[in-house]
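Spelled out from the first residue to the last, the chains are:
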Amino acid sequence: MSSTAIVNIATLVTNDPSLGDTSPLGQVRDAAVVIDGDRIVWTGGSSEAPATDDRVDAGGRAVIPGFVDSHSHLVFAGDRTDEFNARMSGRPYGAGGIRTTVAATRAASDAELEANLTRLLTEALRQGTTTIETKSGYGLTPEDEARALRLAARHTDEVTYLGAHIVAPEYADDPAGYVDLVTGTMLDACAPHARWIDVFCERGAFDGDQARAVLTAGRARGLHPRIHANQLTHGPGVRLAVELDAASADHCTHLTDADVDALAAGRTVATLLPGAEFSTRAAWPDARRLLDAGVTVALSTDCNPGSSFTSSVPFCIALAVRDMGMTPDEALWSATAGGAAALRRTDVGRIAPGARADLVLLDAPSHVHLAYRPGVPLVAGVWRRGVRAF
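Overview of the structure. None of these values were measured; they are calculated from a predicted model. (Residues numbered from 1 in each chain as written. Predicted model: local features only at pLDDT ≥ 70, side-chain atom pairs only at ≥ 80, totals over all residues. Heavy atoms only, no water.)

Counting residues in each nonpolar core, the largest one holds 83 residues, and the members touching the most others are Y161, Y178, I227, L290, L299 and I317. Ignoring anything within four residues of it in the chain, the contact list for Y161 reads S136, E145, L149, V182, M186, L187, C190, A194, W196, I197, D198 and L223. I40, A357, L359 and W383 belong to the second-largest nonpolar core, a separate cluster that totals 15 residues. (Core = buried A, V, L, I, M, F, W, Y, C linked by side-chain atoms within 4.5 Å. Buried < 20%, exposed > 50% of the residue type's maximum accessible area, 1.4 Å probe, protein only. Contact = heavy atoms within 4.5 Å.)

Have a look at this one:
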C-alpha cells in the first residue's frame, strides 16, 4: 500500500461543509487530497499537502467524489432498439416490453450475461461511477432470478432482488400465485445473494397490498426494502416506502402533497431517474418541489434496455439541471452523497478522511461544466478504492 497526493486541484468537492466552504458541497479551492491505500486520509490546501509516496498534478482541474448510481438493471440479454425506435417515431409497437428482455435473458448463458454486465460496469466506471446498485428482474423464475443476483454479486456489494418486476408470463392469469412464488420459493433462492428487495408498485404491475407483501417478506429474510414508486401514475408506493422505512422510493414522478410531506418527514430518499423520462418522453419529476420541502434526493441512471439505456450519470445531471429544476450544485450532490444516502452508505459519495478513495478528475475547472457542457466526455481520471482505473 502506498500514499498518493493529488495536488493543484482548482476545485475539490468534498460533500462535507466542515472541510471547505459552508455549502453542502464543502468546496475547497486550490486544493489537494491524499489517498493512503483505499481511503482518503487528508484534504486541504494544495501548498499544505503532506509528503506522500506519489504525487499527481491535477493541472488546475476539478476533483469530485465518484458517482453513486443507486438504481440500475444491468443483468440482461438482448436489447429493445425496435421498441425505442417505434416510440420515438410515433409508431405503435407491441412486441412485449419487459417480457422481451425476460425471454432473451432466460435464453442467455451465464457467460453471456456476465459479459454484458461487465461491459456496462466498465462503461459506467469510465464516466465516473464508482459505486453502483443493480437488480435482478429479467428472469422471473427462482433459478433465473438467483442466477442474476449471483452474477451481480461478483461485481458489486449493492445487489437487489426484484422478482416483483412484473408478473411472470407463466402466471399472467394468476398474479396472486406469482406473489406467493416471489415471497416463497423465489425469495428462498435469492435472499443469500442480495442486500435489498424491490418491487414495481404500479398499475399493471403490483398494487399496494401486493407490494407490501413482497417487501415485508423480504424484510423478514434480512433484505432491506426499496421500491419503484409513482412512476407512471399516482399510487400508494411512496407512502408505503416511508411506512416501511425503505431506503429509497425510486422515480417519484407523480406525487401528491401528502406524498411529499411523507418523504420530508421520513428517512426514505427520493431517487429521481431522468433517463427514463428522456427515453419515454414522459413528464419530468419535479425535483424543485421535493428539495424545497426538505426531501433528500438522489439522481441515478436507471440503466436498463427498455426505458433508460444510459450508464451516464453526467448525462442525468445535465437533464436534472435543464429539465427538473435542480441547480448544478444540487444535481452533483444528489448524484454522489444523495446516491450514498439511498444505499444507506457513509463511506462513499464524499471526499473526507476515512471515506473510501473514490474520486473523479474532471477535464474542467468546476463541476458546473457537467451541466454546462452536456454530452462532452469530461471525465479525465477515475480512482476507485484508491486505485486509478482510468
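Still to come is the rest of the account.
How two aromatic rings sit relative to each other is set out by the distance from centre to centre and by the angle between their planes. As enumerated under the stated definition, the model contains five aromatic pairs in all. Here F76 and F309 contribute two aromatic rings whose centre-to-centre distance is 5.8 Å and whose plane-to-plane angle is 75°, an arrangement assigned as edge-to-face. Of this pair, F76 sits in the loop between strand 5 (67–69) and helix 1 (81–89) while F309 sits in the loop between strand 13 (297–299) and helix 12 (313–323); the two residues are 233 residues apart in sequence, bridging distant segments of the chain. You can call F76 buried: its relative accessible area is 1%. Taken together, a centroid distance of 5.1 Å and an interplanar angle of 90° make the contact between F278 and F315 edge-to-face. Taken together, the positions of F278 in helix 10 (residues 274–280) and F315 in helix 12 put the pair 37 residues apart, joining distant regions of the chain. A relative accessible area of 42% means that F278 is categorised as partly exposed. A relative accessible area of 27% means that F315 is categorised as partly exposed. By way of ring pairs, the aromatic residues F76, Y138 and F309 are connected into one cluster. (Phe/Tyr/Trp six-rings, centres within 6.5 Å; stacked < 30°, edge-to-face > 60°. Helix = DSSP H or I, 4+ residues; strand = E, 2+ residues; numbered from the N terminus.)

Now for helix 2 (residues 98–107). Every buried residue belonging to helix 2 is among I98, T101, V102 and T105, and all of these are buried. The buried residues of helix 2 occupy an angular sector of 105° when the element is viewed end-on, so they sit on one face. (Arc of directions from axis to C-beta.)

Time to look at the pairing of strand 6 (residues 129–135). In terms of burial, strand 6 is largely enclosed, as seven of its seven residues are buried. Alignment of strand 5 against strand 6, held across three bridges, turns out to be parallel. Bridge pairing in strand 6 links F67 to T129. With three bridges connecting them, strand 6 and strand 7 (residues 158–164) associate as parallel partners. (Pairing = 2+ DSSP bridges.)

Here we come to the environment of S47. Within the secondary structure, S47 is located in the loop between strand 3 (39–45) and strand 4 (54–65). In the structure, S47 is positioned 276 residues away from D323 in sequence and 40 Å away in space, judged by C-alpha atoms.

Moving on, we get to the pattern of salt bridges. Scanning the model with the defined rule gives 25 salt bridges in all. Residues D259 and R239 are paired through a salt bridge, measuring 2.9 Å at the closest nitrogen-oxygen approach. Remark: R239 occurs in helix 8 (residues 237–243) and D259 occurs in helix 9 (residues 257–265); sequence separation between them is 20 residues. The residue D245 makes a salt bridge to R267 at a minimum N-O spacing of 2.6 Å. Remark: R267 occurs in the loop between helix 9 and strand 12 (269–272) and D245 occurs in the loop between helix 8 and strand 11 (248–251); sequence separation between them is 22 residues. Using a relative accessible area of 24% as the deciding quantity, one classes D245 as partly exposed. Counted as one network, the salt bridges with shared partners bring together E158, R195, R345 and D347. (Salt bridge = Lys/Arg side-chain N within 4 Å of Asp/Glu carboxyl O.)

The next thing to look at is the sheet that holds strand 14 (residues 359–362). Sheet strands associate in pairs through backbone hydrogen bonding, adopting either a parallel or an antiparallel arrangement. One open sheet accounts for seven strands, arranged 3-2-1-4-14-15-16; its pairing is mixed. At either end of the open sheet lies a strand with only one pairing partner, and these are strand 3 and strand 16 (387–388). Looking at chain direction, strand 4 and strand 14 are connected through three bridges and run antiparallel. Within strand 14, the residue paired with V63 across the bridge is L361.

Here we come to the side chain of S334. One can find S334 in helix 13 (residues 328–342). When near neighbours in sequence (up to four residues on either side) are disregarded, S334 contacts V297, A298, L299, M326 and G339.

Another aspect to go through is helix 13. Here helix 13 spans 20 Å end to end across 15 residues, near enough to the 21 Å set by a 1.5 Å rise per residue. At S334, helix 13 shows its largest bend, some 40°. Within two residues after helix 13, R344 carries a phi angle of roughly 50°, on the positive side. (Expected span 1.5 Å × (residues − 1). Bend = angle between axes of the 7 residues up to and from the residue.)

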